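Listed below, chain by chain, are the residues.
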Amino acid sequence: MLEKIEQALNESTTKVLTGFANLLPGLAALIVAVLLSVLVAMLFGFLLRRSLRGIDFDGKLAGWGLPGLSDISPDRSPTLLVVRFVYWCIILIGALIGIAAFDATLTQQMVMRLFGYLPNFLVAIVLILFGNVIARFLARGVLIGAVNMNLPYGRLLSLGVKWLVIVLTAAMALEHLGIGGKIVDLAFAILFGGIVLALALAVGLGSKDLVSRSLESQASQRKEESEAQFHHL
Amino acid sequence: MAALETISAEARERVEHIGEAGMVVALPSCHSGELLEAALAGLRPVLPALLANGRTVILYPDTAIAPAQSEDAPSVQLLPCPLSPVERYHEPSLEQGLRSLLSVGRTLGARVCVMLGSEAAATLADGLRKLADPVLHHGYDLAVPLYTRRKLDSLINSGIVYPLTRALYGARLGYPMAADLALSDRLADLYLRPAAVASQSQTGWATTKAICAGLQVCQVYRGYAPTPIVSERTDLSMSLAQVLSTLFTEMESNAGFWQRIRGSRPVRTFGQPLPVEYENSAVEVHAMVETFQRGCRDLLDIWAAVQSPGTLIDLKKLARLPVDKFRLADNLWVHAIYDFVLGHRQRVISREHLLRAMTPIYLGWVASYALEVQNLEPAAVEERLERLCVSFETLKPYLVSRWRWPDRFNP
């Protein structure tokens, strides 16, 4: 009886140790691949940063009408954004190579699923990026217009426009990623409706003041006349 | 021969039929048959004195129905053209109309082309006579009107356009963007010439083109500035953005020229100035100051993208002052304008947003200026504007330095 127990323990220990010994080269390969990919990513990042700065990438991007990208970039530099994106892509590739050394079939399955998902992921990223840029652009335009019209609730309007666009693009991105399903649609509808209602209330309450001021100005002929004193053009 | 794509095939045929002319005059404001008839009645007596021998071609908007032309007066020919009424400073309509006028003028070999964009119907003949005369008889290439300035008239021109163009190009032209102007054949050729560099803007004002090309420019005293067609109260932000967009874009095209200019010199002015009436009325600037203060609160992030830290601090201090003590110093105003010029060049944010974000600062300047000049005599107002122009000239090295080295530390 004791012999059988001893034999079973020996066999299981050997099995575990053998399995662990089999895993070690793969694990070492994974660590080496990740370390190498970090080095390559750093080198690539350095070279890319120098080249992009050399061609004044940030300035050119602003010249192409995409100055909003700097707002969502680290340190307001689209160059750094591109460099960091490339950096993490290289590290991801290195990790995939390492996992392939670890277990080829697992990697194959992972890569297949990853590549199948990649288009959706990329579209979602692009949606988020452009949504952000458009949201900031529109919010700024609304804010400037509101200040120039001397509206008291310009910031609120601008914030409302910004979040409307961000929420819309976030919902679109989540739908592309296949996350949440109908819950996202439902939540989006509730949130969007809520924002519109809040804005309507805000504008309604704000315009009360506006209407009263407008009536005051109509009542006061003197003010009208004084405004007519100025000719800008 | 100049290209005539802008006018209809029928009008092109008519140009070929006319053959040649000594003067071409555009009347964009005559958009109806009655207005055109009245204008022609006023212009006909003036033409022989201006152009003893030679034909005059009058361009009118193709929306108007022209009166029947009498065969016994072949010296005056009418030609329909795609002209739209000029809204002063609204570049697109003026630009297109001017191009049509100059194209027809060069095709017909005219010595002078006259655009009467903002003249009132009653003063068309006087305007034509005074503007065309220096070009036809004194050898000038460009004649523009110099309007008599009331203290609160043409404020964009008084506060930005005139002082800035004077400091940049060195010529003291009171109204560089006037919609009434007479151009010689040399300037017409220059205006229609395609840009040497494809990326350079082909648009721009005739005044700056003439000055940069070293042509002879003069002014002619006219009455008060005509009332603009556009509604100022609703379109101020847009109008300001349009004016400044043209001005700032031209600065990029002419950077090589204006960076060499130091100081400014007077330009020959024909005629006699109209005496300015003294107006002493209290001004109401609360709304303008309020817009400036709101801008300081809400648009500070946008201003911070272009303004130097020192200017920004001064603007914030100014926003805290009560209306009666509200004064925007000339140096601060000039720095703010120059910083916007540089921000526009570097495209720090969308150019349209940047220019529209200037409106509260501009209104701040208007409020400060109005408070300062409300009780001043006309001569003192002119002195006040002269001091502003001198500030623009004195601080020009700051603009040149930051234009050349935008990344240099700037406190």
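The notes below deal with the structure included here.

1. Overview of the pattern of salt bridges
Residues and elements named next belong to chain B. Scanning all chains against the criterion turns up 16 salt bridges over all chains. The residue Arg-129 makes a salt bridge to Asp-126 at a minimum N-O spacing of 2.7 Å. Within this pair, Arg-129 and its partner Asp-126 are both found in helix H5 (residues 124-137), separated by 3 residues, close to a single helical turn. Across the salt bridge formed by Arg-402 and Asp-339, the nearest N and O atoms sit 2.8 Å from each other.

2. Considering the pairing of strand E5 (residues 142-148) of chain B
Residues and elements named next belong to chain B. For E5, the buried fraction is high: 7 of the 7 residues fall into the buried class. The pairing of E5 with strand E7 (residues 180-184) spans 2 bridges and is classified as antiparallel. What sits directly across from Ala-143, in E7, is Ala-182.

3. Let's talk about the side chain of Lys151(B)
All names here are of chain B. Within the secondary structure layout, Lys-151 lies in the loop between E5 and helix H6 (155-169). For Lys-151, a relative accessible area of 10% translates into the label buried. A polar atom in the side chain of Lys-151 sits 3.1 Å from the backbone oxygen of Gln-374. For Lys-151, the side chain forms a polar contact with the main-chain oxygen of Leu-376, separated by 3.0 Å. Look past the residues within four positions of Lys-151 in its chain and what remains in contact with it is Tyr-278, Glu-279, Tyr-369, Val-373, Gln-374, Asn-375, Leu-376 and Val-381.

4. Overview of the pairing of strand E8 (residues 217-224) of chain B
Residue and element names in this part refer to chain B. The sheet contact formed by E5 and E8 spans 6 bridges and is parallel. Bridge pairing in E8 places Leu-142 opposite Val-217. Sheet analysis places E8 next to strand E10 (residues 269-270), joined by 2 bridges and oriented parallel. In the sheet register, Val-220 faces E10, and the bridge partner there is Phe-270.

5. Notes on helix H1 (residues 9-18) of chain B
In an α-helix, one full turn covers 3.6 residues, which means residues spaced three or four apart are oriented alike. All names here are of chain B. Among the residues of H1, those classed as buried are Ala-11, Val-15 and Ile-18. Projection of H1 onto a plane perpendicular to its axis shows the buried side chains occupying an angular sector of 65°, all on one side. Opposite the buried face of H1, by more than 90 degrees, sit the exposed residues Glu-10, Glu-13, Glu-16 and His-17. Following H1 by one or two positions, Gly-19 adopts a phi angle in the positive range, close to 85°.

6. Some thoughts on the interface of chain B and chain A
Contacts between the two partners involve 43 residues from chain B and, on the opposite side, 24 residues from chain A. Summing both partners gives a buried area of about 3100 Å² for chain B against chain A, and 56% of it is carried by carbon and sulfur. For the interface between chain B and chain A, the tally reads 1 salt bridge. In this structure, the salt-bridge partner of Arg155(A) is Asp298(B), at a minimum N-O distance of 3.2 Å. Across the chain B-chain A interface, the total number found is 12 residue pairs in polar contact (both at pLDDT 80 or more). Here the side of chain B that touches chain A gets 8 residues from one element, more than from any other, and that element is helix H11 (residues 286-298) of chain B. Here the side of chain B that touches chain A is built from residues that sort into 22 nonpolar, 10 polar and 11 charged.

Criteria and cut-off values
- Residues numbered from 1 in each chain as written.
- Chains lettered and ligands numbered in written order.
- Predicted model: local features only at pLDDT ≥ 70, side-chain atom pairs only at ≥ 80, totals over all residues.
- Heavy atoms only, no water.
- Salt bridge = Lys/Arg side-chain N within 4 Å of Asp/Glu carboxyl O.
- Helix = DSSP H or I, 4+ residues; strand = E, 2+ residues; numbered from the N terminus.
- Buried < 20%, exposed > 50% of the residue type's maximum accessible area, 1.4 Å probe, protein only.
- Pairing = 2+ DSSP bridges.
- Polar contact = N/O pair within 3.5 Å; in protein donor to acceptor, adjacent residues only side chain to side chain.
- Contact = heavy atoms within 4.5 Å.
- Arc of directions from axis to C-beta.
- Buried area = accessible area lost by both parts, 1.4 Å probe.
- Nonpolar A, V, L, I, M, F, W, Y, C, P; charged D, E, K, R; others polar.

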